Amino acid sequence: MNVNKILKNLNPEILELLRRGNLLRALIREIVINDTLSHIQISPDILKRAISNFYKEKQIENINDRKNFLSHHGLKESDLHHQISTPIKIQKLCMDKFGNKVEAHFLKRKENLDQFIYNIIRVDNPDLAHELYLQIESGESTFATLANQYSKDKDRFPNGLVGPRSLTGSHPLIKKAIRASTPSVLQEPLQIENSWLILRLEERRFAKLDLNMKKRMAFELFQLYIEEEINKSLKDSKKLIIK
């Protein structure tokens, strides 16, 4: 089953609805994933346990509950079993297909996988920033107390505490300051645009390539592969899509 064949057999009205509803990419994604997993087999016992766990999670306790669930979602029982088995097949394929590329991908991504816990106070007034810095440095007050009283981020970061989190998406100057910091050492006020920040690194947690991380990296590679295949399919099917 390939994308071109399915799109060619679609009713033009259905194809138009998919385009207008921005659902075409989702359809092609489903086709690509199904094709990619077509050769992956899982044992009946594993599937049986997964189905049982799904029913427990959804509090589906008897046949009537099951029928109502299927009817509500417009599914046949075989459709539900397909949906339950897909993540299991993906996990198996990920390690089989991408296991030998995991380490290289991890090293490429490691900087964004490291986790940090740090304190932050953000104010607009440079004099206030230096005064708060001196109070914390001298022990006159605590970071948490001053953060809750003065920081513009006090609702977002109670006690001025951030993390554990990666620095992905953080301002480049915050990234630089936190990465260069020594734990428990208070940083002098740092100006970023119209704000003044007081930072203190609490803990740095380096990412490790353990089993869970290997699974995560393999899944990321799987996602990248699927997106690439979707893009290829969209390009190859352009004439069929836009009629």
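I will try to describe carefully the structure that is included in this document. Nothing here was measured: the structure is a model prediction, and the numbers come from that model.

**Considering the side chain of T36**
Working step 1: Structurally, the position occupied by T36 is in helix α3 (residues 24–37).
Working step 2: Taking the relative accessible area as the measure of exposure, T36 reaches 12% and is therefore buried.
Working step 3: Ignoring any residue separated from it by four or fewer positions in sequence, one finds T36 in contact with L93, F222, Y225 and I226.

**Some thoughts on the nonpolar core**
Working step 1: The biggest cluster of nonpolar side chains holds 27 residues, and the ones touching the most others in it are L24 and F222.
Working step 2: Breaking this core down by element, the ones donating at least two residues are α1 (3–9), α2 (12–20), α3, α6 (77–98), α7 (102–113) and α11 (211–236).
Working step 3: Looking at this core element by element, the count peaks at seven residues for α11.
Working step 4: Core analysis: the second largest hydrophobic core is formed by 13 residues, I174, A177, L199 and L201 among them.

**As for the layout of surface pockets**
Working step 1: In this model, the largest pocket occupies a volume close to 210 Å³.
Working step 2: Taken together, Y118, I120, R122, D153, R156, F157, R165, G169, S170, H171, I174 and L197 make up the full set of residues lining the largest pocket.
Working step 3: Counting residues per element, the lining of the largest pocket draws most heavily on strand β1 (residues 115–123), which supplies three residues.
Working step 4: In terms of residue class, the lining of the largest pocket is made up of five nonpolar, three polar and four charged.

**Focus: the pattern of salt bridges**
Working step 1: One pass over the structure, following the stated rule, counts 14 salt bridges.
Working step 2: Taking the shortest distance from any N to any O, the salt bridge between E227 and R25 comes out at 2.8 Å. Taken together, the residues E227 in helix α11 and R25 in helix α3 connect sequence positions 202 residues apart.
Working step 3: Here R25 falls in the partly exposed class, since its relative accessible area comes to 32%.
Working step 4: Close ionic contact of E202 with R200 constitutes a salt bridge, the shortest N to O distance being 2.8 Å.
Working step 5: Each of the salt bridges in this network shares a partner with another, and the network as a whole consists of R25, R29 and E227.

Parameters at a glance
- Residues numbered from 1 in each chain as written.
- Predicted model: local features only at pLDDT ≥ 70, side-chain atom pairs only at ≥ 80, totals over all residues.
- Heavy atoms only, no water.
- Helix = DSSP H or I, 4+ residues; strand = E, 2+ residues; numbered from the N terminus.
- Buried < 20%, exposed > 50% of the residue type's maximum accessible area, 1.4 Å probe, protein only.
- Contact = heavy atoms within 4.5 Å.
- Core = buried A, V, L, I, M, F, W, Y, C linked by side-chain atoms within 4.5 Å.
- 1 Å grid on protein atoms, 1.4 Å probe; cavity = no way out; pocket = protein on both sides within 12 Å on 5 of 7 lines; lining within 4 Å.
- Points joined across faces, edges and corners; volume = space filled by probe spheres on them.
- Nonpolar A, V, L, I, M, F, W, Y, C, P; charged D, E, K, R; others polar.
- Salt bridge = Lys/Arg side-chain N within 4 Å of Asp/Glu carboxyl O.

This is a description of form; function is not addressed.
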